[in-house]
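# Examination of the molecular architecture
Spelled out, the chains give:
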Amino acid sequence: MPNKPEKLLIPGPVEVSQAVLQAMGSQVRPHYGDEWTAFYKETQGILKKVFNTEGEVYIIPGSGTLAIDACLGSALSTGEKIIVGANGFFGDRLVWIAEGNGLQVVKVEAEWGKPILVDDVEKAFAQNPDAKALAVVHLETSTTVQNPIEKLGQIANKHSALFMVDAVSSLGGVPFAMDEWGIDLCASASQKCLGAPPGLAPCAVGKKGWEAIDRNPKKAHGWYADLKIWRKYQTEWGDWHPSPVTMPTNNIYALRASLDELLKEGIPSRLERYRKLALQLRTGLRKVGMPPFTPDDQLSPVLTAGVAPEGVSSLRIVDYLQKEYRLKISSGLGVLKEKIFRVGHMSPVTTEADIDIVIEALGKFQGLQK
Ligand code: PLP
């Protein structure tokens, strides 16, 4: 069936709804003027609800990595110390981004597939009382493991350190409470649980985040992703041109279409719908003999990994689903590349029927091995 479009069930970018496609394909409109400023402000307001924060949200054109760069680069100065949790590909990336911003990194590692241990972070703070910040990935997309954000936030707070979270693959699909969990700076991306095309990097900043940003004017980390510049335009030019650069307005109209759908469904209902897809998939994986990679208490509502059968590379499974079923799932990354496969169910348009087909396809693959 060469003309049948591939069904995307990867951990982002995700398939988007018809309303989002329509917004993306509409005539280009400017990023200034009354109509735009009202629309943009409302969209920021909706994102604040999704982050669950009273802080500010900026929608920076770029990918999720830019949002991480913006958070770390704006709040910390070259040479300052940061503790970074690293238990997967994106934790390692976070270390790299911190180093790229000239920060001195203390790495707290956990095995890929296991969460960062709260005690290990506590020890790192005890050994590094001069650490200014803690940064971790919420949902480690490479392994599907969620880190204990709430508890880590308490530790950062206890040590008067800033807490920065990479919520690129979780925001909008996994329960999230930025202020309640003591998160000061948070980075996300449009192309995952937020259900829009790639291209936008939402960044949220709380009160303590601003204090860090304002405490030292000389960060020497560039201009475009400096959150202070974004705040300056919002406050000084907010009534006609609320951003320092030309905005990809179609992307923002598309994101808004997705956010409107999220609000219509209701955030708790959306999260519950995803969780049920995860449960359905986990049951199916066990049935076909490729059990979930993480235990049930580490269920991720938006992304599930299965373990490839002994002696079988997960790359073959990914390939089989693509060729025979036009289903696109992902292999593992790094050390888990050929050991696990990952199925994303973080798109608002993913259905129970899609999960059924994945399970059917995996069952067929298993049958062929006998
Ligand atoms: N952090 C996490 C947890 C991710 O899953 C990803 C992408 O998959 C990134 C960061 C990088 O995001 P982007 O590719 O949008 O820059």
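All values reported here derive from a predicted model rather than from experimental measurement.

Around the ligand, the neighbouring residues are Ser63, Gly64, Thr65, Phe90, Val137, Leu139, Thr141, Asp166, Val168, Ser169, Gln191 and Lys192. Measuring from an oxygen atom of the ligand, one finds a side-chain N or O atom of Thr141 at 2.5 Å. Here an oxygen atom of the ligand sits 2.8 Å away from a polar atom, N or O, in the side chain of Gln191. Look at the ligand: alone it shows 390 Å² of surface, and the protein chains cover 86% of it. Residue composition of the shell around the ligand, grouped by class: four nonpolar, six polar and two charged.

Counted under the stated rule, the structure contains 20 salt bridges. The shortest N-O distance in the salt bridge between Glu265 and Arg273 comes to 2.6 Å. Sharing partners across several salt bridges, the network here consists of Lys7, Glu15 and Asp354.

Quick look at the nonpolar core now. Ranked by size, the top nonpolar core spans 87 residues in total, and within it Leu72, Phe176 and Leu227 carry the most contacts. Once you skip the residues sitting within four places of it in the chain, Leu72 turns out to touch Ile82, Leu94, Ile97, Ala98, Asn101, Leu103, Ala135 and Met164. Val14, Leu321, Val358 and Ala361 belong to the second largest nonpolar core, which has 31 residues in total.

Under the defined criterion, the tally for this structure stands at 13 aromatic pairs. Here the aromatic rings of Phe176 and Trp181 are separated by 5.5 Å at their centres, their planes lie at 65°, and the arrangement is edge-to-face. With a centroid separation of 5.5 Å and 20° between ring planes, the pair formed by Trp237 and Trp240 is classed as stacked. Here Trp240 falls in the partly exposed class, since its relative accessible area comes to 41%. What links up through ring pairs into an aromatic cluster is the set Tyr32, Tyr233, Trp237 and Trp240. The lysine or arginine in question, Arg29, covers the ring of Tyr253, its NZ or CZ lying 3.9 Å from the ring centre.

What counts and how
Residues numbered from 1 in each chain as written. Predicted model: local features only at pLDDT ≥ 70, side-chain atom pairs only at ≥ 80, totals over all residues. Heavy atoms only, no water. Near = heavy atom within 4 Å. Polar contact = N/O pair within 3.5 Å; in protein donor to acceptor, adjacent residues only side chain to side chain. Areas by Shrake-Rupley, 256 points an atom, 1.4 Å probe, with all protein chains shown as cover. Nonpolar A, V, L, I, M, F, W, Y, C, P; charged D, E, K, R; others polar. Salt bridge = Lys/Arg side-chain N within 4 Å of Asp/Glu carboxyl O. Core = buried A, V, L, I, M, F, W, Y, C linked by side-chain atoms within 4.5 Å. Buried < 20%, exposed > 50% of the residue type's maximum accessible area, 1.4 Å probe, protein only. Contact = heavy atoms within 4.5 Å. Phe/Tyr/Trp six-rings, centres within 6.5 Å; stacked < 30°, edge-to-face > 60°. Lys NZ or Arg CZ within 6 Å of the ring centre and 35° of its normal.

Interpretation in functional terms is not warranted from these geometric data alone.
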